[in-house]
Amino acid sequence: MFSKILIANRGEIACRVIRTARRMGIRTVAVYSDVDADALHVREADEAFRIGPAPSAESYLRIDRIIEACRRTGAEAVHPGYGFLSEKAEFATALEDAGIVFIGPTAAAMAAMGDKIASKKLAKAAGVSTVPGHLGIIADDTEAQRIARDIGYPVMIKASAGGGGKGMRVAHDDTALREGFRAARSEAKSSFADDRVFIEKYIEQPRHIEIQVLGDAHGNVIHLGERECSIQRRHQKVVEEAPSPFLDAATRAAMGAQAVALAKAVAYRSAGTVEFIVDRNKNFYFLEMNTRLQVEHPVTEWVTGLDLVEQMIRIAAGETLALQQKDVKLEGWALETRIYAEDPLRGFLPSIGRLVRYQPPLGDDIRVDAGVFEGAEISLHYDPMIAKLVTRGDTRAAAIARMSDALDRFYIRGVLHNIGFLAAVLGKQRFRDGALSTDFIAEEFPAGFGGESLPALAQETVIVTAAALQRRIAEHEARISGQLPGHGAVIGSDWVVCIGAKHHPVAVAPANGDYVISLAGTNHRVTLDWRPGKAVFGAMIDGRGVTFQYEREGTGFRLTHSGATISLRVLPPRAAALLALMPVKQAPDLSRFLLSPMPGLLVGLAVAEGQEIKTGEALATVEAMKMENVLRAERDGKVAKIRAKIGDSLAVDEVILEFA
Ligand code: MV4
């Protein structure tokens, strides 16, 4: 076994690998870029080595720097995590040449699976079910059209070098086909410097189900069942689970056997994943093989009881797989949600900044894989994932209930995040029914995510909890010493819970530390686990436990539960009556300003002060997440004042210029 390994990655996956290595008695080396000098993976490793400045291309993607780090620290092997160099055959080869073990597949297996046309041919030859289609070179759009008609519409055009949906088009007829063929080809050429595309039957409303495999260096390959990852947003996985609510034992066994056959065909060693799409009739088709440890591997670990990183390390050290297919038992259910620093209310743009508060939920059957700590910074340079939240249960329903509650308890301030969106996904009846497909998010949130509104039942829960909270606040205020004689607070029993223009009168009575709240003629008993300063609290309402997040807001507060945030005030009846007479504050007119729609760097200004502008004219360019975003004039006008300069770091909604 190795005595020291290096982790060529950052964030949660670097921390995850370090954790297992430590348990195995292996020393660990972290590598870091300048912005990561104080990152969690650096703190948790036994030693750390700087490999360059912030941009990945100058640090985490530098093969030479990583090999130098191994040499300097004496690391015998490298775990690549996911992303970065994890699927670069060239990296595996370079390590081998340097006498360092790559904790992953062989360079040959990575190369064979790196190209979609080649891997599909390989899969077909290994007896794996593939989508009907054409794998030859296509000369022009006339030939493409002939092929598409042969296959039968709808078809999908895919780039051989593609990934993440790039260079991919659906066509339902000849016109769309010709157009899509040209578009896919030119996108493939500019994105991957490889314009080869292929055409296959389009599978409508598929599920994405993948099989985890493990192979050793002695020809043994087993599979560890499936993960269902159908809940995606723009090719970004959002929720994953194991097992799939859709597969029966026979389909699982058939998919598993094919995944093993494919892995054997390339003498696969290490952990790998064979991706399939599955149609509504449970026909399944190979899509691609990922030759790395995947983000969502924890759900497989929980239903199999295995540690995949440990397996990868043992395999890389030359050990024979300690288990055979018959030893693999799937037990219970596991779910994973990915917590991102992003703003779901603004089209999921990344939200960077400091994690002013970070309190993940703790408890049995909850696993949080994170690479951050309270006070850490989420930067523009890397993936904005904050953590992976994993829950398990004996049944799918139990795992979902635990996840919903864990999301309610996950407390993050300082950056925006998608926890409310995740809670809303899990709250959908269709999710609970397991009726998943890759179109789930587009169909369930057709207008995007606007923050959930609470169903009637939850609304009642919020009102009752708010009333009890206000009573608790009043009790604390009444206890404050130094009040003038005769001015000691008297706590009334009648209150009005104001949510927007809606006023809900309540009567509140203390009862042995609990409260009895009377709302619309019904009494509710509330046990409140809250004191001032507590941001996450539990309430027991008529015997049912609910978790809320609490935040003061002006003279009122905000309660968050299950993806919905409600602003409210609890006032004495007289104050509530006056509130209705208060003038409503007007929102400021922002149309006079060009605001940065995202956090980023101002890299271009196309206009000058005093310049007349026409609708659609480019005004400024903001770079964010390696993409240049051109901001254009929404109407004709004139530039009055320029308020930012090139090179400025812009916050979201920061003013770039003023119109006259
Ligand atoms: C497909 C498909 C339907 N029919 N191929 C998307 C990413 C790439 N790896 C393959 N993808 C798809 N290929 C055929 N013949 C639908 C998708 C697809 C998809 C697949 C898995 C997970 C999410 C997806 C979202 C949109 C489209």
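Analysis parameters
- Residues numbered from 1 in each chain as written.
- Predicted model: local features only at pLDDT ≥ 70, side-chain atom pairs only at ≥ 80, totals over all residues.
- Heavy atoms only, no water.
- Buried < 20%, exposed > 50% of the residue type's maximum accessible area, 1.4 Å probe, protein only.
- Helix = DSSP H or I, 4+ residues; strand = E, 2+ residues; numbered from the N terminus.
- Arc of directions from axis to C-beta.
- Contact = heavy atoms within 4.5 Å.
- Axes fitted to C-alpha atoms, helices over the stretch in contact; angles between N-to-C directions.
- Parallel < 35°, antiparallel > 145°, perpendicular 65-115°, else oblique.
- Left-handed = near helix turned anticlockwise from the far one by under 90°.
- Nonpolar A, V, L, I, M, F, W, Y, C, P; charged D, E, K, R; others polar.
- Pairing = 2+ DSSP bridges.
- Core = buried A, V, L, I, M, F, W, Y, C linked by side-chain atoms within 4.5 Å.
- Phe/Tyr/Trp six-rings, centres within 6.5 Å; stacked < 30°, edge-to-face > 60°.
- Lys NZ or Arg CZ within 6 Å of the ring centre and 35° of its normal.

Notes on helix H6 (residues 116-125)
- Residues of H6 that are buried: Lys116, Ile117, Ser119, Lys120 and Ala123. The arc that holds every buried residue of H6, seen down its axis, measures 165°, which confines them to one face.
- Packing partners of the buried residues in H6 comprise helix H5 (107-114), strand S7 (155-159), strand S9 (197-201), helix H9 (249-265) and strand S14 (284-290).
- Gly127 sits one or two positions beyond H6 and adopts a positive phi of about 85°.

Side note on the packing of helix H12 (residues 396-409) against helix H13 (residues 419-427)
- Axis separation between H12 and H13 bottoms out at 10 Å; the angle between their running directions is 155°. Accordingly, the angle class assigned to the pair H12 and H13 is roughly antiparallel. In this structure, H12 crosses over H13, and the sense of that crossing is left-handed. Along its contact with H12, which presents Ile400, Met403, Ser404 and Leu407, the element H13 presents Ile419, Leu422, Ala423 and Leu426.
- In terms of residue class, the contact of H12 with H13 is built from seven nonpolar, one polar and no charged.

Some words on the sheet that holds strand S12 (residues 236-242)
- Ordered in space as S14-S13-S10-S11-S12-S15-S22-S20, the eight strands form an open sheet in which the pairing is antiparallel. What marks the edges here is a single partner per strand, and that holds for S14 and strand S20 (366-370). For this sheet, the mean angle separating the axes of adjacent strands, direction not counted, is 25°.
- The pairing of strand S11 (residues 221-233) with S12 spans four bridges and is classified as antiparallel. When the bridges of S12 are listed, Glu228 appears paired with Glu241.

Quick look at the sheet that holds strand S35 (residues 618-624)
- Strand order in the open sheet formed by four strands is S36-S35-S33-S38, with antiparallel pairing between adjacent strands. Across the chains shown, the open sheet's two edge strands, defined by having one partner strand only, are strand S36 (627-632) and strand S38 (649-650).
- In this sheet, S35 lies alongside strand S33 (residues 600-605) in antiparallel orientation, the contact comprising four bridges. Bridged to Leu602 within S35 is Val622.

So, the nonpolar core
- Ranked by size, the top nonpolar core spans 42 residues in total, and within it Ile231, Val239, Ile339, Tyr358, Ile386, Ile412 and Phe431 carry the most contacts.
- Secondary-structure elements contributing two or more residues to this core are S12, strand S15 (333-340), S20, strand S22 (385-393), H12, H13 and helix H15 (440-444).
- At seven residues, H13 tops the list of elements feeding residues into this core.
- Discounting chain neighbours no more than four positions away, the residues touching Ile231 are Gln236, Lys237, Val238, Val239, Val425, Phe431, Leu436, Phe440 and Ile441.
- By size, the runner-up hydrophobic cluster in this structure holds 33 residues, among which are Ala14, Ile18, Met312 and Val328.

Observations regarding the packing of aromatic side chains
- Under the definition given, this model contains 14 aromatic pairs.
- Aromatic side chains Phe91 and Phe102 sit 5.8 Å apart centroid to centroid with 80° between the ring planes, which places their arrangement in the edge-to-face category. On the criterion of sequence distance, the pair formed by Phe91 in helix H4 (residues 89-97) and Phe102 in strand S5 (residues 101-102) is long-range, its members being 11 residues apart. For the pair formed by Phe91 and Phe102, the shared burial category is buried.
- In textbook terms, an aromatic cluster arises when at least three aromatic residues are bridged by ring pairs, as seen for Phe348, Phe421, Phe445 and Phe449.
- Taking NZ or CZ as reference, Lys282 lies 5.0 Å from the ring centre of Phe246, over its face.
- Here the basic side chain of Arg396 rests over the ring of Phe431, its NZ or CZ set 4.8 Å away from the ring centre.

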